[in-house]
Amino acid sequence: MFYQEHPFAEYVRILGKGKNGSRSLTRAEAFAAMGMILRSEVSPEQLGAFLMLMRVKEESPEELAGFVDACRWWLPIPADMAKIDLDWSSYAGKRRQLPWYLLTTLLFAENNIKVFMHGAAGHTNGRIYTKNILPTLGLSPCKTMQEVQRSLERWNFAYMDIEFLVPRLHHIIELRPLLGLRSPVHSLARLLNPFQAEYVMQGIFHPGYRPLHQEAAVLLNIPHLAVIKGEGGEIERNPDMPSLVQSVHLGEMSEENWPALFARRHTKDEQLDVSRLSRVWDGSDTDEYAIASVIGTAAIALKMMGRANTQAEAESLAGSLWNARSKTRFGVAA
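Residues numbered from 1 in each chain as written. Predicted model: local features only at pLDDT ≥ 70, side-chain atom pairs only at ≥ 80, totals over all residues. Heavy atoms only, no water.

**Student:** Outline the overall build of the chain, supporting the account with residue identities and numerical values.
**Tutor:** In terms of regular secondary structure, the chain is built from 15 helices and 7 strands. In terms of overall size, the chain behaves like a compact globule, its C-alpha atoms giving a radius of gyration of 20 Å where 334 residues would be expected to give roughly 20 Å. Seen along its three principal axes, the alpha-carbon backbone of the chain occupies a region of about 75 × 40 × 40 Å. Out of the 334 residues in the chain, the part that is buried amounts to 54%. For the chain, the proportion of contacts with a sequence separation of at least 24, taken over those separated by at least 6, is 73%. With an accessible surface of roughly 14,800 Å², the chain has 51% of that area assigned to carbon and sulfur atoms. Measuring between centres, the 36 positive side-chain charges of the chain sit 2 Å from its 37 negative side-chain charges. (Helix = DSSP H or I, 4+ residues; strand = E, 2+ residues; numbered from the N terminus. Rg over C-alpha atoms; globule rule 2.2 N^0.38 Å. Buried < 20%, exposed > 50% of the residue type's maximum accessible area, 1.4 Å probe, protein only. Contact = heavy atoms within 4.5 Å. Areas by Shrake-Rupley, 256 points an atom, 1.4 Å probe, with all protein chains shown as cover. Lys, Arg positive; Asp, Glu negative; His and termini not counted. Charge placed at Lys NZ, Arg CZ, Asp CG, Glu CD.)

**Student:** Break down helix H7 (residues 145-155) for me, citing the residues and quoting the values.
**Tutor:** Within the span of H7, buried status applies to Met 145, Val 148, Gln 149, Ser 151, Leu 152 and Trp 155. Around the axis of H7, the buried residues are gathered within 165 degrees of arc, so they sit on the same side. Exposed residues pointing more than 90 degrees away from the buried face of H7 are listed as Arg 150, Glu 153 and Arg 154. If you follow the buried residues of H7, they end up packed against helix H5 (101-110), strand E2 (115-119), strand E3 (157-161) and helix H8 (162-165). (Arc of directions from axis to C-beta.)

**Student:** Tell me what's going on with the layout of surface pockets, and back it up with residues and numbers.
**Tutor:** Of the pockets and cavities examined, the largest pocket occupies roughly 520 Å³. Lys 229, Glu 231, Gly 232, Asn 238 and Met 241 are, among the 22 residues lining the largest pocket, the residues nearest its centre. Estimated volume of the second largest pocket: approximately 380 Å³. Taken together, 21 residues form the lining of the second largest pocket, with Arg 176, Arg 182, Arg 190, Phe 205 and His 206 sitting closest to its centre. Elements that contribute at least two residues to the lining of the second largest pocket include exactly helix H11 (185-190) and helix H12 (209-219). Here the element with the most residues in the lining of the second largest pocket is H11; it accounts for 3 residues. Broken down by class, the residue content of the lining of the second largest pocket amounts to 6 nonpolar, 9 polar and 6 charged. (1 Å grid on protein atoms, 1.4 Å probe; cavity = no way out; pocket = protein on both sides within 12 Å on 5 of 7 lines; lining within 4 Å. Points joined across faces, edges and corners; volume = space filled by probe spheres on them. Nonpolar A, V, L, I, M, F, W, Y, C, P; charged D, E, K, R; others polar.)

**Student:** Please give an account of the side chain of Arg 325 that cites residues and values.
**Tutor:** Here Arg 325 is to be found in the segment after helix H15 (311-323). Asp 282 is the oppositely charged side chain nearest to the buried, salt-bridge-free Arg 325, at an N-O distance of 6.7 Å. Here Val 280 takes part through its backbone oxygen, which lies 3.4 Å from a polar atom of the side chain of Arg 325. Looking at Arg 325, its side chain comes within polar contact range of the main-chain oxygen of Trp 322, at 2.7 Å. When near neighbours in sequence (up to four residues on either side) are disregarded, Arg 325 contacts Leu 107, Glu 110, Val 280, Trp 281, Asp 282 and Gly 283. (Salt bridge = Lys/Arg side-chain N within 4 Å of Asp/Glu carboxyl O. Polar contact = N/O pair within 3.5 Å; in protein donor to acceptor, adjacent residues only side chain to side chain.)

**Student:** Pulling in residues and values, what's your account of the packing of aromatic side chains?
**Tutor:** On inspection of all chains with the given rule, the structure shows 5 aromatic pairs. Measuring from centroid to centroid gives 5.7 Å for Trp 281 and Trp 322, while their planes differ by 90 degrees, and the two rings are edge-to-face. Of this pair, Trp 281 sits in helix H13 (residues 276-282) while Trp 322 is found in helix H15, placing the two residues 41 residues apart along the sequence. Of the residues examined, Trp 281 reaches a relative accessible area of 2% and is grouped as buried. A network of ring pairs unites the aromatic residues Phe 8, Tyr 11, Phe 50 and Phe 67 as a single cluster. If you follow Arg 325 out to its NZ or CZ, it ends over the ring of Trp 281, 6.0 Å from the centre. (Phe/Tyr/Trp six-rings, centres within 6.5 Å; stacked < 30°, edge-to-face > 60°. Lys NZ or Arg CZ within 6 Å of the ring centre and 35° of its normal.)

**Student:** Quick rundown of the packing of helix H2 (residues 27-38) against helix H4 (residues 61-74)? Include the residues and the values.
**Tutor:** One can describe the packing of H2 onto H4 by two numbers: an axis separation of 7 Å at closest approach and a directional angle of 45 degrees. The angle between the axes of H2 and H4 places the two elements in the oblique class. In the crossing of H2 with H4, the sense of the turn from one axis to the other is right-handed. Mapping the contact onto sequence places Arg 27, Ala 30, Phe 31, Met 34, Gly 35 and Leu 38 in H2 and Glu 62, Glu 63, Ala 65, Gly 66, Phe 67, Asp 69, Ala 70, Cys 71, Trp 73 and Trp 74 in H4. A per-class count over the contact of H2 with H4 returns 10 nonpolar, 2 polar and 4 charged. (Axes fitted to C-alpha atoms, helices over the stretch in contact; angles between N-to-C directions. Parallel < 35°, antiparallel > 145°, perpendicular 65-115°, else oblique. Left-handed = near helix turned anticlockwise from the far one by under 90°.)

**Student:** Go over the sheet that holds strand E5 (residues 224-229), please, and point to the residues and values.
**Tutor:** Here we have 7 strands laid out as an open sheet, ordered E3-E2-E1-E4-E5-E6-E7, and mixed in their pairing. Strand pairing shows two members of the sheet lacking a second neighbour, E3 and strand E7 (252-258), which therefore form its edges. Direction aside, neighbouring strands of the sheet carry axes that sit 20 degrees apart on average. When E2 meets E3, the two strands line up parallel, connected through 5 bridges. The residue of E3 that forms the bridge with Val 115 is Phe 157. Running over the sheet, helix H14 (residues 288-304) touches strand E1 (86-90), strand E4 (199-204), E5, strand E6 (243-249) and E7 and is turned about 140 degrees from E4. (Pairing = 2+ DSSP bridges.)

Here's what the structure looks like:
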């Protein structure tokens, strides 16, 4: 009996044809393949094979750009949505330090910088995720674009989980415990920039992914982007370590080293008490590591956004914003 080949088999074959016969997908092929995945036109077997072949090969900038193209085509963004200033992804979760980056984003929001954060939760045991922490700061994750709009209007900040932003990508991220490995979706999701903000911050865990994000950002015409090896893989500067920032500005790639802010390393907390986030914000907890992380992360973003010309200016501005914050602005949820 003759069986007609499934259309998606072509893309599996391109990736898996052996050491000499396989190759990366072109941007157009990546767009077509991801489109079929988003429309649920592939079998579970095909999806698993595709993801793991891509994982072994490692995604190329052209493949990531094609995947993002497909997701943006699918995304239902309202025409009257408020303009986003800063796109901030949060997919790694934290296990060694609290998510101090949240205070950085709220500091920007207080200073009329509209921040849209997107992420995922629960895919790796033992980590705490943005989605689950927001209520401790009086904020709620958004499930609809209308909720995103309202949150931006009220707080200049909105968070939406990938489960509601691109449900099919959420399904793939949830396969990690089954497959045992991350998939290209973890890089793809970070690059979504769904509202096409002019400024994008990226955090990765493996240093080799920094240039990949740079090159994909150029292909995607992201005007300004900074990518760092963030603490735990989130967009968070570790003040105890030097930080290499690799950037894109209007199609030009560059990099610069930011020195450590402390001469000695701090010990991590034995327990991650999320209530400390609000205490650091209101000033009742003056932990130097936490404050340096918030200010240091803000400085990198401020320089990327062109609000300071040098590292020293950026760190001074970030410190001034922190010192002038409204300590009672973000109440604790009931």
